[in-house]
Amino acid sequence: MTPRKGGSRDRMVLSAAALLGEFGAGATSIDRVLAHSNAPRGSVYYHFPDGRAQLIDEAVALAGDFIAGLIDAATQADDALTAIDTFFGIGAQRLVDSDFRSGCPIVAVAVEATTTLRSWPARRRPCSPAGRRPSPACS
(Lines give C-alpha, C1' and ligand atoms only; values in the text may rest on other atoms or scores of the structure.)
Protein backbone atom coordinates (compact mmCIF):
# COMPACT_ATOMS: atom_id res chain seq x y z
CA MET A 1 0.00 0.00 0.00
CA THR A 2 1.36 3.43 -0.91
CA PRO A 3 0.71 6.21 1.60
CA ARG A 4 -0.79 9.34 0.04
CA LYS A 5 -2.10 11.42 2.95
CA GLY A 6 -0.03 13.66 5.17
CA GLY A 7 3.08 15.69 4.51
CA SER A 8 5.82 14.46 2.26
CA ARG A 9 8.20 14.03 5.22
CA ASP A 10 5.82 11.72 7.08
CA ARG A 11 5.04 9.80 3.90
CA MET A 12 8.74 9.27 3.22
CA VAL A 13 9.42 7.99 6.75
CA LEU A 14 6.42 5.64 6.63
CA SER A 15 7.43 4.42 3.18
CA ALA A 16 11.02 3.89 4.26
CA ALA A 17 9.84 1.80 7.23
CA ALA A 18 7.60 -0.29 4.99
CA LEU A 19 10.36 -0.77 2.42
CA LEU A 20 12.88 -1.72 5.11
CA GLY A 21 10.56 -4.51 6.21
CA GLU A 22 10.17 -5.76 2.67
CA PHE A 23 13.57 -5.19 1.06
CA GLY A 24 16.05 -4.40 3.86
CA ALA A 25 18.29 -1.37 4.26
CA GLY A 26 20.59 -2.14 1.35
CA ALA A 27 17.75 -2.05 -1.17
CA THR A 28 15.82 0.84 0.38
CA SER A 29 17.05 3.62 -1.86
CA ILE A 30 15.95 7.24 -2.02
CA ASP A 31 14.44 6.55 -5.45
CA ARG A 32 12.43 3.61 -4.10
CA VAL A 33 11.19 5.69 -1.12
CA LEU A 34 10.19 8.55 -3.42
CA ALA A 35 8.28 6.21 -5.74
CA HIS A 36 6.52 4.49 -2.82
CA SER A 37 5.63 7.72 -1.01
CA ASN A 38 4.78 9.83 -4.06
CA ALA A 39 6.93 12.59 -2.55
CA PRO A 40 8.71 15.15 -4.70
CA ARG A 41 12.46 14.63 -5.11
CA GLY A 42 13.19 18.09 -3.70
CA SER A 43 11.72 16.99 -0.37
CA VAL A 44 14.51 14.56 0.36
CA TYR A 45 17.31 16.94 1.26
CA TYR A 46 14.91 19.58 2.56
CA HIS A 47 13.50 17.19 5.17
CA PHE A 48 16.57 14.96 5.53
CA PRO A 49 19.69 17.11 5.19
CA ASP A 50 21.87 14.14 6.18
CA GLY A 51 20.35 12.13 3.32
CA ARG A 52 19.49 8.47 3.19
CA ALA A 53 21.14 7.62 6.51
CA GLN A 54 18.92 10.10 8.35
CA LEU A 55 15.82 8.81 6.58
CA ILE A 56 16.68 5.19 7.47
CA ASP A 57 17.42 6.18 11.09
CA GLU A 58 14.06 7.91 11.41
CA ALA A 59 12.22 5.00 9.79
CA VAL A 60 13.82 2.57 12.25
CA ALA A 61 12.93 4.89 15.16
CA LEU A 62 9.32 5.05 13.93
CA ALA A 63 9.20 1.26 13.66
CA GLY A 64 10.66 1.02 17.17
CA ASP A 65 7.96 3.30 18.55
CA PHE A 66 5.31 1.20 16.80
CA ILE A 67 6.71 -2.05 18.20
CA ALA A 68 6.94 -0.52 21.68
CA GLY A 69 3.24 0.32 21.39
CA LEU A 70 2.48 -3.26 20.40
CA ILE A 71 4.43 -4.55 23.38
CA ASP A 72 2.60 -2.16 25.69
CA ALA A 73 -0.74 -3.29 24.28
CA ALA A 74 0.19 -6.97 24.52
CA THR A 75 1.29 -6.63 28.15
CA GLN A 76 -2.18 -5.45 29.12
CA ALA A 77 -3.18 -9.11 29.01
CA ASP A 78 -3.89 -10.91 32.27
CA ASP A 79 -1.13 -13.47 31.81
CA ALA A 80 2.26 -13.73 30.14
CA LEU A 81 1.25 -16.42 27.66
CA THR A 82 -1.61 -14.30 26.31
CA ALA A 83 0.74 -11.28 26.06
CA ILE A 84 3.29 -13.29 24.08
CA ASP A 85 0.62 -14.82 21.84
CA THR A 86 -0.83 -11.37 21.16
CA PHE A 87 2.52 -9.81 20.29
CA PHE A 88 3.70 -12.61 18.01
CA GLY A 89 0.23 -13.00 16.53
CA ILE A 90 0.41 -9.43 15.24
CA GLY A 91 3.78 -10.14 13.61
CA ALA A 92 2.53 -13.37 12.11
CA GLN A 93 -0.53 -11.62 10.69
CA ARG A 94 1.72 -9.00 9.08
CA LEU A 95 3.64 -11.78 7.34
CA VAL A 96 0.45 -13.46 6.14
CA ASP A 97 -1.09 -10.17 4.96
CA SER A 98 2.01 -9.41 2.89
CA ASP A 99 2.17 -12.93 1.45
CA PHE A 100 5.35 -13.40 3.50
CA ARG A 101 7.14 -10.52 1.75
CA SER A 102 7.24 -7.98 4.57
CA GLY A 103 8.58 -8.48 8.04
CA CYS A 104 9.86 -6.28 10.82
CA PRO A 105 11.93 -3.32 9.57
CA ILE A 106 14.07 -3.40 12.71
CA VAL A 107 14.92 -7.07 12.25
CA ALA A 108 15.79 -6.44 8.58
CA VAL A 109 18.21 -3.66 9.50
CA ALA A 110 19.68 -5.64 12.40
CA VAL A 111 20.30 -8.71 10.23
CA GLU A 112 22.03 -6.62 7.58
CA ALA A 113 24.11 -4.79 10.18
CA THR A 114 25.13 -8.06 11.84
CA THR A 115 26.14 -9.55 8.49
CA THR A 116 28.09 -6.43 7.56
CA LEU A 117 29.83 -6.20 10.93
CA ARG A 118 30.65 -9.90 10.99
CA SER A 119 32.38 -9.78 7.60
CA TRP A 120 34.06 -6.41 8.15
CA PRO A 121 37.12 -7.50 10.17
CA ALA A 122 38.09 -10.03 7.52
CA ARG A 123 38.00 -7.37 4.80
CA ARG A 124 39.81 -4.52 6.54
CA ARG A 125 43.52 -3.93 6.46
CA PRO A 126 45.36 -3.55 9.74
CA CYS A 127 45.98 0.05 10.73
CA SER A 128 49.38 -0.57 12.25
CA PRO A 129 51.53 -3.48 11.20
CA ALA A 130 53.69 -4.84 14.00
CA GLY A 131 56.36 -2.38 15.05
CA ARG A 132 54.96 0.60 13.09
CA ARG A 133 53.06 3.67 14.14
CA PRO A 134 49.32 3.76 13.37
CA SER A 135 48.29 5.49 10.19
CA PRO A 136 46.59 8.89 10.65
CA ALA A 137 43.65 7.44 8.72
CA CYS A 138 43.02 5.05 11.63
CA SER A 139 42.64 7.81 14.22
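**Focus on the pattern of salt bridges**
1) Next: All chains considered together, the criterion is met by two salt bridges.
2) Next: For Arg9, the salt bridge goes to Glu58, with nearest N and O atoms at 2.6 Å. Taken together, the residues Arg9 in helix α1 (residues 8–23) and Glu58 in helix α4 (residues 52–74) connect sequence positions 49 residues apart.
3) Next: Arg9 gets classed as partly exposed once you look at its relative accessible area, which sits at 28%.
4) Next: Among the ionic pairs, Asp31 bridges to Arg41, the shortest N-O distance being 2.3 Å. With Asp31 in helix α2 (residues 30–37) and Arg41 in the loop between α2 and α3 (43–47), this residue pair connects regions lying ten residues apart in the sequence.

**Overview of the confidence of the model for the protein chain**
1) Next: A residue-level look at the protein chain finds 78% of positions with pLDDT of 70 or above and a mean pLDDT of 83.
2) Next: Across the protein chain, the element-wise mean pLDDT spans from 72 in helix α6 (residues 105–123) up to 97 in α2.
3) Next: Here residues 134–139 scores under 50 on pLDDT; set against residues more than four positions off or in separate chains, the count is four contacts.

**Let's talk about helix α5 (residues 80–97)**
1) Next: The terminal C-alpha atoms of α5, which comprises 18 residues, lie 26 Å apart, in line with the 26 Å expected from a rise of 1.5 Å per residue.
2) Next: Here α5 starts with a cap whose side-chain oxygen sits 3.2 Å from the backbone nitrogen of Leu81, and that cap is Asp79.
3) Next: Once α5 ends, the next one or two residues include Asp99, with phi positive near 55°.

**With respect to the side chain of Arg11**
1) Next: By the element assignment, Arg11 lies in helix α1.
2) Next: At 3.0 Å, the side chain of Arg11 and the backbone oxygen of Asn38 are in polar contact.

Cut-offs used in this document
Residues numbered from 1 in each chain as written. Predicted model: local features only at pLDDT ≥ 70, side-chain atom pairs only at ≥ 80, totals over all residues. Heavy atoms only, no water. Salt bridge = Lys/Arg side-chain N within 4 Å of Asp/Glu carboxyl O. Helix = DSSP H or I, 4+ residues; strand = E, 2+ residues; numbered from the N terminus. Buried < 20%, exposed > 50% of the residue type's maximum accessible area, 1.4 Å probe, protein only. pLDDT = per-residue confidence, 0-100. Contact = heavy atoms within 4.5 Å. Expected span 1.5 Å × (residues − 1). Polar contact = N/O pair within 3.5 Å; in protein donor to acceptor, adjacent residues only side chain to side chain.

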